[in-house]
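# Coordinate inspection notes
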Amino acid sequence: MTTTGTGTPIPLEDEPTGDDLEDAIRHYVYTYALWRGRRKAMERFGVSRHTLWRFLDRGHMGRALPRAVLDTVGDSIEAIDAATWAIGASAQITASFERAARNRRTAGPALRRGRRTRCCNCAPLP
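I will try to describe carefully the structure that is included in this document. (Residues numbered from 1 in each chain as written. Predicted model: local features only at pLDDT ≥ 70, side-chain atom pairs only at ≥ 80, totals over all residues. Heavy atoms only, no water.)

## Notes on the nonpolar core
Ranked by size, the top nonpolar core spans 21 residues in total, and within it Y28, V29, F45, L52, L65 and V69 carry the most contacts. Elements with a contribution of two residues or more to this core: helix 1 (18-36), helix 2 (38-45), helix 3 (49-58), helix 4 (64-72) and helix 5 (77-102). A total of six residues in this core trace back to one element, the largest contributor, which is helix 1. Contacts of V69, omitting those with residues within four sequence positions, involve I25, Y28, V29, F45, G74 and I80. (Core = buried A, V, L, I, M, F, W, Y, C linked by side-chain atoms within 4.5 Å. Buried < 20%, exposed > 50% of the residue type's maximum accessible area, 1.4 Å probe, protein only. Helix = DSSP H or I, 4+ residues; strand = E, 2+ residues; numbered from the N terminus. Contact = heavy atoms within 4.5 Å.)

Following this line, the structure appears as structure tokens:
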């Protein structure tokens, strides 16, 4: 980081600013609460219901929630972005499997007839 003549820091191109890290934390917590729910978010980050409410509804960052995110995910913006992407991707993959299981076609009449014949021939009748 370089400074001007007045002592004001100027961030370099590749150097993340505090706002970037804050935005990444906000995006991660919002994504986690959206996909997993508020109760799981409280348990994951170890914060109270009131702290999470202040963050999600009022936008108040506080100290406990960013510290919890940095402890669980990592302190780099790339790690937080990767964790955010993983939450959404895993939830979408799970939803697509559940949707596929709901839309599974039933066995056709030929398959049911074949199963019935095979089961009746193998099982002794009294």
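So, next bit.
## Looking at the packing of aromatic side chains
Applying the stated criterion across every chain yields a total of four aromatic pairs. Geometrically, the ring pair formed by Y28 and Y32 is tilted, given 6.2 Å between the ring centres and 45° between the ring planes. With Y28 and Y32 both in helix 1, this residue pair falls four residues apart, about one helical turn. The residues Y28 and Y32 share a single accessibility class, namely buried. Taken together, Y28, Y32 and F45 form an aromatic cluster joined through their ring pairs. (Phe/Tyr/Trp six-rings, centres within 6.5 Å; stacked < 30°, edge-to-face > 60°.)

## Side note on the pattern of salt bridges
In total, this model carries two salt bridges according to the counting rule given. Measuring nitrogen to oxygen at the nearest pair gives 3.5 Å for the salt bridge that ties R26 to E22. Pair noted here: R26 and E22 are both in helix 1, with a separation of four residues, about one helical turn. Overall, R26 belongs to the buried group, its relative accessible area being 18%. E22 sits in the partly exposed class, given a relative accessible area of 33%. The closest approach of N and O atoms between D57 and R38, which form a salt bridge, is 3.0 Å. Here D57 is found in helix 3, whereas its partner R38 is found in helix 2, with 19 residues between them in sequence. (Salt bridge = Lys/Arg side-chain N within 4 Å of Asp/Glu carboxyl O.)

## Re helix 3
Taken as a whole, helix 3 has its buried residues at T51, L52, F55 and L56. Seen from one end, helix 3 has its buried residues packed into an arc of 120°, which puts them on one side. Summarising the geometry of helix 3, the exposed residues directed more than 90 degrees from the buried face are R49 and R58. After helix 3 finishes, the residue G59 shows a positive phi value of roughly 80°. (Arc of directions from axis to C-beta.)

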